[in-house]
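# Fold and geometry: a report
Here are the chains, one letter per residue:
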Amino acid sequence: MSNLRKRNVSKIDSAYVTQHEKKVQTVEKKKRGLVRRLTVFVAAAVLLSCLLISTLVSQASVLEQKKEQKNKLKNELISLQKQQDDLQDEVVKLNDDEYIAKLARRDYFLSDKGEIIFNLPKKKEDSDSY
């Protein structure tokens, strides 16, 4: 019965109805266009956000690596400066004849006139005993 009622209803064909249908179609087109533009805008914003976040994370990791490298090189520089100071002190000592004589007696068992050198055995460290 519902099919019979639909068949009997005819469409009003007037200028107002035609104009109203065109207006409704135009509004629908504008809505679809707006939804499409907003969808593209949101997709671009998400893509840009992901790109910026990944760049930020990668730069943070590179910065952390550079800080670690800086600390390592700073420690190495301190060590090398200490070594340089020690070597400069050694150079000053090696310019002293008494120090050279002391080294020669200690390392090469050389003696002054009238000195007798005794070799004493070195003591074992007590690291083995409990």
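Residues numbered from 1 in each chain as written. Predicted model: local features only at pLDDT ≥ 70, side-chain atom pairs only at ≥ 80, totals over all residues. Heavy atoms only, no water.

It is the contact of helix α2 (residues 15–94) with helix α3 (residues 97–108), at a shortest axis distance of 6 Å, that shows an interaxial angle of 95°. As judged from the angle between their axes, α2 and α3 are roughly perpendicular. Between α2 and α3, the contacting residues are E90, K93 and L94 on the first element and Y99, I100 and L103 on the second. Per-class residue counts for the contact of α2 with α3 are four nonpolar, no polar and two charged. (Axes fitted to C-alpha atoms, helices over the stretch in contact; angles between N-to-C directions. Helix = DSSP H or I, 4+ residues; strand = E, 2+ residues; numbered from the N terminus. Parallel < 35°, antiparallel > 145°, perpendicular 65-115°, else oblique. Contact = heavy atoms within 4.5 Å. Nonpolar A, V, L, I, M, F, W, Y, C, P; charged D, E, K, R; others polar.)

On to the pattern of salt bridges, then. Under the criterion given, the structure shown has two salt bridges. Its salt-bridge partner being K82, residue D86 comes within 3.7 Å of it at the nearest N-O pair. Placement of the pair is D86 and K82 together in helix α2, with a separation of four residues, close to one helical turn. Here R106 makes a salt bridge to D107, at a shortest N to O gap of 2.9 Å. (Salt bridge = Lys/Arg side-chain N within 4 Å of Asp/Glu carboxyl O.)

UniProt records the feature "transmembrane region" (unreviewed entry) for residues 38–57 in the present numbering. In the segment residues 38–57, helix accounts for 100% and strand for 0%; the C-alpha atoms at its two ends are 28 Å apart. (UniProt positions renumbered as here; feature names shortened; annotations may be inferred.)

Looking now at a nonpolar patch on the surface. There is a patch of nonpolar side chains on the surface, built from F41, V42 and V46 and spanning about 300 Å² of accessible area. Relative to the helices and strands, V46 resides in helix α2. A relative accessible area of 47% places V46 in the partly exposed class. (Patch = residues over 30% accessible without salt bridge, like charges linked within 9 Å, V, L, I, M, F, W, Y side chains within 5 Å. Areas by Shrake-Rupley, 256 points an atom, 1.4 Å probe, with all protein chains shown as cover. Buried < 20%, exposed > 50% of the residue type's maximum accessible area, 1.4 Å probe, protein only.)

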